[in-house]
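Given next are the chains, with one letter for each unit.
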Amino acid sequence: MIGINMIRVGFVFSITAVIATAQDGKALFEKKCSFCHASTTDERKLGPSLKGLNKGVMPDAIAKPATRENILLKINDGGGGMPVFRDLLTKEEKDAIVAYAMTL
Ligand code: HEC
């Protein structure tokens, strides 16, 4: 438990640091992702709800860790019904979306 709480504290500090990015990320998420992914409810749209990514686990059954790297990988490569965003978003846009997604 102590370990998890320390991770949470670290996470809150890093969120404060990227708060401006996370706000841009929110607007981008609404435009590019919210059609298929709920962010405030557990509703399954075309894809799984991304609510709860801040707990560090992807919402699907495979339960991969919801790290920056894994979320970025999914955005770049898509698959399983998700479009490939590799060339549709800039690096900055992807970073902003990932930062925001990790607050959900
Ligand atoms: C056309 C619908 C669609 C759009 C748009 C879309 N996704 Fe997805 N996404 C999916 C589907 C379907 C899955 C499930 C894929 C699978 O099971 O492999 C998924 C899976 C994911 C996952 C992994 C979830 C898990 O539990 O493994 C993440 C993270 C994700 N999407 C993020 C995003 C982000 C960020 C965007 C916006 C840039 C986005 N998606 C846009 C359909 C979409």
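Refer to the structure presented above.
Values in this document were obtained by computation on a predicted structure and should not be read as measured data.

Bringing the site of the ligand into the picture now. Close contacts around the ligand come from 23 residues, with C33, C36, G47, G80 and G81 the closest. Going through the elements one at a time, α3 (68–77) and α4 (91–101) are the ones with two or more residues in the shell around the ligand. Counting residues per element, the shell around the ligand draws most heavily on α3, at three residues. Split by residue class, the shell around the ligand holds 15 nonpolar, five polar and three charged.

Bringing the packing of α3 against α4 into the picture now. α4 packs onto α3 with a crossing angle of 125° between their chain directions and a minimal axis gap of 10 Å. When the interaxial angle is binned, α3 and α4 end up oblique. With respect to the hand of their crossing, α3 and α4 are arranged in right-handed fashion. Contacts from R68, I71, L72 and I75 of α3 reach α4 at K94, I97, V98 and A101. Looking at the contact of α3 with α4 residue by residue, the class counts come to six nonpolar, no polar and two charged.

Ranked by size, the top nonpolar core spans 15 residues in total, and within it I97, V98, A99, Y100, A101 and M102 carry the most contacts. Among the elements of the structure, α2 (19–32), α3 and α4 are those that each provide at least two residues to this core. Sort the elements by how many residues they give to this core and α4 lands first, with six residues. Those residues in contact with A101, other than ones at most four positions away along the chain, are F29, L50, L53 and I71.

Position of M58 relative to the elements: it lies in the loop between α2 and α3. In the structure, M58 is positioned ten residues away from P48 in sequence and 9.2 Å away in space, judged by C-alpha atoms.

We now examine the environment of A66. Relative to the helices and strands, A66 is located in the loop between α2 and α3. Since 22 C-beta atoms lie within 10 Å of it, A66 is described here as buried. With 14 residues separating them along the chain, A66 and G52 place their C-alpha atoms 9.5 Å apart. Beyond its immediate chain neighbours, meaning those up to four positions away, A66 contacts L53, G56, V57, M58, I71 and M102.

Parameters at a glance
- Residues numbered from 1 in each chain as written.
- Predicted model: local features only at pLDDT ≥ 70, side-chain atom pairs only at ≥ 80, totals over all residues.
- Near = placed C-beta within 6 Å.
- Helix = DSSP H or I, 4+ residues; strand = E, 2+ residues; numbered from the N terminus.
- Nonpolar A, V, L, I, M, F, W, Y, C, P; charged D, E, K, R; others polar.
- Axes fitted to C-alpha atoms, helices over the stretch in contact; angles between N-to-C directions.
- Parallel < 35°, antiparallel > 145°, perpendicular 65-115°, else oblique.
- Left-handed = near helix turned anticlockwise from the far one by under 90°.
- Contact = placed C-beta atoms within 7 Å.
- Core = buried A, V, L, I, M, F, W, Y, C linked by C-beta atoms within 7 Å.
- Buried ≥ 20, exposed ≤ 12 C-beta atoms within 10 Å, placed from the backbone.

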